[in-house]
Amino acid sequence: MINDSILKHFGVDERVFLEALKSSPSAQGYIAGAISEVLLKEYLETKDYEVIRIKEKPSGGNNAKSSEARGDFYIRKNNSKEDKWLVIESKGLKSNSEFRGGKLDSPEKVFKFLRGRVFNATKTKQTIYEKGHSTYLKVKELWEKRNPGKTFPEFKWSKDFPGPDCYNLENIWKDEADLKLWVNSLSKDSFTEEAYRKKEGAITILETHQPSKRVGIKTGIDQAAPLVYDFNIMSVDLFLRTGKHEFVFMNGEEISHSPSSPEHLYQNYTIDILAKGKKSEPIIQAPWYSDIEDCVTQTNPIYRKIDQSQIDNR
């Protein structure tokens, strides 16, 4: 049956199909994304949601894509009488966070990377917030000079979880000496691209990736990231780094936006970091949620009316 389906859609047998898939990381990525969407839909249905797929490419091209339906599904609770929906976007994790550019290919680099995140007394929630706000104020001043009479969108970072990074590396190493001892105890293979790809590297970074080029509706700023109102909730499948299809969720209006463009999200967010032999399970904390219900009830996303032109009826 599977072979017949492959033959029908691709004109080859299962052997050729699997060989092509094996040799094409981009094809694997597309299939992984499709699998995440199927599993996400099933998960949402177990949570008593009505789930309607949104067209990926409406008739008429990109201009026909609604600015309020740039996600994968409309969802609302079953038996709801009101035309009130949430738009949810499905994403996976970045595949090369650890080894791109050889940034973590030695004990020394991993030690430096972690030391700056675990034992940096100057990097606090307050200093992260202040740095982001300072960047925002500089851009705001320049933008308002170029756009007299107009007001730049407000800065909406939470002081409780500022910036794009949300890892929890507390109580793993006693001090820098303990961190260095652990790093140097790892085999040389732990710092190779192959090890990182197999989830056997020194560390594992759970980082999102959403490089969709968007222009701010209010500011006209062009950045390679979604707008905060493109969708209500983003779902991220952690499979690529944990080996399990488990979803985490965030509200695009709650998580920190780009400091240089309040209408844009960051392209990348770090959900957590795992460490070989020290931390094998992610710790999910606000603004990320491991249960869709917690994300909805605790962040109060703004519901939308459904746009019938965006519904995928296939």
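Above this text you will find the structure in question.
Calculation criteria
- Residues numbered from 1 in each chain as written.
- Predicted model: local features only at pLDDT ≥ 70, side-chain atom pairs only at ≥ 80, totals over all residues.
- Heavy atoms only, no water.
- 1 Å grid on protein atoms, 1.4 Å probe; cavity = no way out; pocket = protein on both sides within 12 Å on 5 of 7 lines; lining within 4 Å.
- Points joined across faces, edges and corners; volume = space filled by probe spheres on them.
- Helix = DSSP H or I, 4+ residues; strand = E, 2+ residues; numbered from the N terminus.
- Phe/Tyr/Trp six-rings, centres within 6.5 Å; stacked < 30°, edge-to-face > 60°.
- Buried < 20%, exposed > 50% of the residue type's maximum accessible area, 1.4 Å probe, protein only.
- Contact = heavy atoms within 4.5 Å.
- Disulfide = S-S within 2.5 Å.
- Patch = residues over 30% accessible without salt bridge, like charges linked within 9 Å, V, L, I, M, F, W, Y side chains within 5 Å.
- Areas by Shrake-Rupley, 256 points an atom, 1.4 Å probe, with all protein chains shown as cover.
- Salt bridge = Lys/Arg side-chain N within 4 Å of Asp/Glu carboxyl O.
- Lys, Arg positive; Asp, Glu negative; His and termini not counted.
- Charge placed at Lys NZ, Arg CZ, Asp CG, Glu CD.
- Pairing = 2+ DSSP bridges.
- Axes fitted to C-alpha atoms, helices over the stretch in contact; angles between N-to-C directions.
- Expected span 1.5 Å × (residues − 1).

Novice: Help me understand the layout of surface pockets in this model?
Specialist: The gaps of empty space that remain are located by a probe, the size of a water molecule, rolled over the atoms. A volume near 620 Å³ is recorded for the second largest pocket. What lines the second largest pocket is a set of 25 residues, and nearest its centre among them are Lys 125, Ile 128, Asp 165, Cys 166 and Tyr 167. Within the residue set of the lining of the second largest pocket, elements represented by two or more residues are α4 (107-118) and α5 (125-146). With three residues, the single largest contributor to the lining of the second largest pocket is α4.

Novice: Hey, could you run me through the packing of aromatic side chains in this one?
Specialist: When we look at a pair of aromatic rings, we describe it by the centre distance and by the angle of the planes. Inspection of every chain in the model, using the stated rule, returns 11 aromatic pairs. Between Tyr 136 and Phe 152, the aromatic rings sit 5.6 Å apart at their centres with planes inclined by 40°, giving tilted as the arrangement. Of this pair, Tyr 136 sits in helix α5 while Phe 152 sits in the loop between α5 and α6 (176-185), placing them 16 residues apart in sequence. The two residues Tyr 136 and Phe 152 agree in class, both being buried.

Novice: Looking at this structure, I do not really get the environment of Phe 119. What am I missing?
Specialist: Here Phe 119 lies in the loop between α4 and α5. A sequence separation of 43 residues divides Phe 119 from Arg 76, and the C-alpha atoms of the two residues are 44 Å apart. Once residues lying within four places of it in the same chain are set aside, the contact partners of Phe 119 are Leu 114, Trp 173, Lys 174, Asp 175, Glu 176 and Leu 179.

Novice: Even after reading the chapter, I still don't get the state of the cysteines, so can you show me in this structure?
Specialist: Here, the word disulfide means a covalent bond between the sulfur atoms of two cysteines. A complete count under the given rule lists zero disulfides for this structure. Cys 295 supplies the cysteine sulfur nearest to Cys 166, a cysteine that is in no disulfide, at a spacing of 12 Å. We classify Cys 295 as buried; its relative accessible area is 0%.

Novice: Can you walk me through a positive patch on the surface in this structure?
Specialist: A surface patch of like charges, here positive, comprises Arg 100, Lys 103, Arg 117, Lys 123 and Lys 131. Structurally, Arg 117 is set in helix α4.

Novice: Got a minute to help me understand the sheet that holds strand β8 (residues 247-251) in this structure?
Specialist: The pairing of strands in a sheet happens through backbone hydrogen bonds and is either parallel or antiparallel. Read from one edge to the other, the open sheet built from five strands follows the order β1-β2-β3-β7-β8, with strand pairing classed as mixed. Each edge of the open sheet carries a strand with a single partner, namely β1 (49-53) and β8. Each neighbouring strand pair of the sheet contributes to a mean axis angle of 30°, computed without reference to strand direction. Running over the sheet, helix α9 (residues 292-299) touches β1, β2 (73-77), β3 (86-91), β7 (233-237) and β8 and is turned about 15° from β8.

Novice: Looking at this structure, I do not really get α5. What am I missing?
Specialist: Within an α-helix, residues lying three or four positions from one another point in the same direction, as the helix has 3.6 residues per turn. Here α5 spans 32 Å end to end across 22 residues, near enough to the 32 Å set by a 1.5 Å rise per residue. Summarising the contacts, the buried residues of α5 are in contact with β10 (261-265).

Novice: Explanation requested: the pattern of salt bridges in the structure shown.
Specialist: Note on pairing: side chains with opposite charge can pair once their charged atoms come close. Throughout the structure, instances matching the rule amount to 17 salt bridges. With a closest N to O distance of 3.0 Å, Arg 76 and Glu 50 form a salt bridge. With Arg 76 in strand β2 and Glu 50 in strand β1, this pair connects stretches of sequence that are 26 residues apart. Since its relative accessible area comes to 26%, Glu 50 is described here as partly exposed. In this structure, the salt-bridge partner of Asp 105 is Lys 109, at a minimum N-O distance of 2.9 Å. According to the relative accessible area criterion, Asp 105 is partly exposed, its value standing at 41%.

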